[in-house]
Amino acid sequence: MSQKAGEDYVEFAAARAGHLYRSACLLTAGDTHLAEDLVQEALGRIYVRWGRVSRAENPAGYAQTVLSRTFLAHRRRFSSRERARDSFPEMADTGADPSLRLTLLDALARLPAKGRAVVVLRYWEDRSVHETADALNMSSAAVRTRCVRALARLRELLGEDLAEYARS
């Protein structure tokens, strides 16, 4: 890799790392350590292919796709080694309602990995069905089905409080 390409990669990684980390935190349902690992692995994969990625139409979208696929691959590899947690790590006060945040993270954690990935890409990343399908390497119909099921499960988990959360 040339020095210029290396500098371009460092600039790209610095600009996207925060957004990738926030997405990874949602994908991992608040596991900040795993989120950091996923971002690190995704950025490593991007670095290896930076020559091609830098010429892509949307390198940021490519990075999100790599992150999503890294998350799903991790879930497949380590699904039998889940760790139970009795508390969440301390987080900086953002002025938002912490109980709402914890309730939503808990609800996301109860979704299957692919359902969680679909919800994060569709509603957090604001991607279309087609873009989500491409990112997760599945059909558009599968994305719509997983979306409907995941949202129904979230409604079931959040119950009557859903309307309250939507107003917050």
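Rules behind the numbers
- Residues numbered from 1 in each chain as written.
- Predicted model: local features only at pLDDT ≥ 70, side-chain atom pairs only at ≥ 80, totals over all residues.
- Heavy atoms only, no water.
- Helix = DSSP H or I, 4+ residues; strand = E, 2+ residues; numbered from the N terminus.
- Buried < 20%, exposed > 50% of the residue type's maximum accessible area, 1.4 Å probe, protein only.
- Areas by Shrake-Rupley, 256 points an atom, 1.4 Å probe, with all protein chains shown as cover.
- Core = buried A, V, L, I, M, F, W, Y, C linked by side-chain atoms within 4.5 Å.
- Salt bridge = Lys/Arg side-chain N within 4 Å of Asp/Glu carboxyl O.
- Expected span 1.5 Å × (residues − 1).
- Bend = angle between axes of the 7 residues up to and from the residue.
- pLDDT = per-residue confidence, 0-100.
- Phe/Tyr/Trp six-rings, centres within 6.5 Å; stacked < 30°, edge-to-face > 60°.
- Lys NZ or Arg CZ within 6 Å of the ring centre and 35° of its normal.

Our next topic: the overall build of the protein. Helices and strands together make up the secondary structure of the protein, namely nine helices and zero strands. Expressed as a percentage of the 168 residues in the protein, the buried residues total 38%. A total accessible area of about 10,400 Å² is found for the protein, and carbon and sulfur atoms account for 50% of it.

With that settled, consider the nonpolar core. Of all hydrophobic cores here, the largest spans 42 residues; its most connected members are Leu 43, Ile 46, Leu 67, Phe 71 and Leu 136. Listing elements by their share of this core, those giving two or more residues are helix 1 (3–27), helix 2 (32–48), helix 3 (50–53), helix 4 (59–78), helix 5 (98–109), helix 6 (113–124), helix 7 (129–136) and helix 8 (140–158). Broken down by element, the residue count for this core peaks at eight residues, all from helix 1.

This brings us to the pattern of salt bridges. Tallied over the entire structure, the rule returns three salt bridges. Across the salt bridge formed by Glu 156 and Arg 153, the nearest N and O atoms sit 2.5 Å from each other. Here the residue Glu 156 and the residue Arg 153 both occupy positions in helix 8, the gap between them amounting to three residues, near one helical turn. Overall, the relative accessible area of 56% leaves Glu 156 in the exposed class. With a relative accessible area of 29%, Arg 153 lands in the partly exposed category.

Right, let's get into helix 1. With 25 residues, helix 1 extends 34 Å from end C-alpha to end C-alpha; this agrees with the ideal 36 Å at 1.5 Å per step. The sharpest bend along helix 1 measures roughly 45 degrees and falls at Arg 16. All of the buried residues in helix 1 are Gly 6, Tyr 9, Phe 12, Ala 13, Leu 20, Ser 23, Ala 24, Cys 25, Leu 26 and Leu 27. Backbone geometry just downstream of helix 1 places Ala 29 in the positive-phi region, at approximately 60 degrees.

Let's shift gears to unusual backbone geometry. One non-glycine residue, Asp 126, adopts positive backbone phi at about 55 degrees. Here Asp 126 is to be found in the loop between helix 6 and helix 7. Judged by relative accessible area, Asp 126 falls into the exposed class, the value being 65%.

A few words on the confidence of the model for the protein. For the protein, the mean per-residue pLDDT works out to 83, and 82% of the residues sit at or above 70. Mean pLDDT across the elements of the protein bottoms out in helix 9 (residues 161–167) (55) and peaks in helix 2 (93).

Taking 1.5 Å of rise per residue, the twelve residues of helix 6 would be expected to cover 16 Å, and the 15 Å separating its terminal C-alpha atoms lies within 8% of that figure. Among all positions of helix 6, only Ala 113, Gly 115, Arg 116, Ala 117, Val 118, Val 119, Val 120 and Leu 121 are buried. Downstream of helix 6 by one or two residues, Asp 126 has phi in the positive range, about 55 degrees.

A separate point is the environment of Trp 50. With respect to the helices and strands, Trp 50 occurs in helix 3. When the C-alpha atoms of Trp 50 and Tyr 9 are compared, they prove to be 6.9 Å apart, with 41 residues separating the residues in sequence.

Turning next to the packing of aromatic side chains. All chains considered together, the criterion is met by three aromatic pairs. Between Tyr 9 and Trp 50 the ring centres are 5.5 Å apart and the planes differ by 75 degrees, which places this aromatic pair in the edge-to-face class. You can see Tyr 9 sitting in helix 1 and its partner Trp 50 sitting in helix 3, a full 41 residues away along the chain. Pairing Phe 12 with Trp 50 gives two aromatic rings, centres 5.1 Å apart and planes at 40 degrees, and the pair type is tilted. Of this pair, Phe 12 sits in helix 1 while Trp 50 sits in helix 3, and the two are 38 residues apart along the sequence. Exposure remark for Trp 50: the relative accessible area of 5% places this residue in the buried category. Within the aromatic cluster, the residues linked to one another by ring pairs are Tyr 9, Phe 12, Tyr 47 and Trp 50. Seen from the ring of Tyr 123, Arg 122 lies directly overhead, with NZ or CZ sitting 5.5 Å from the centre.

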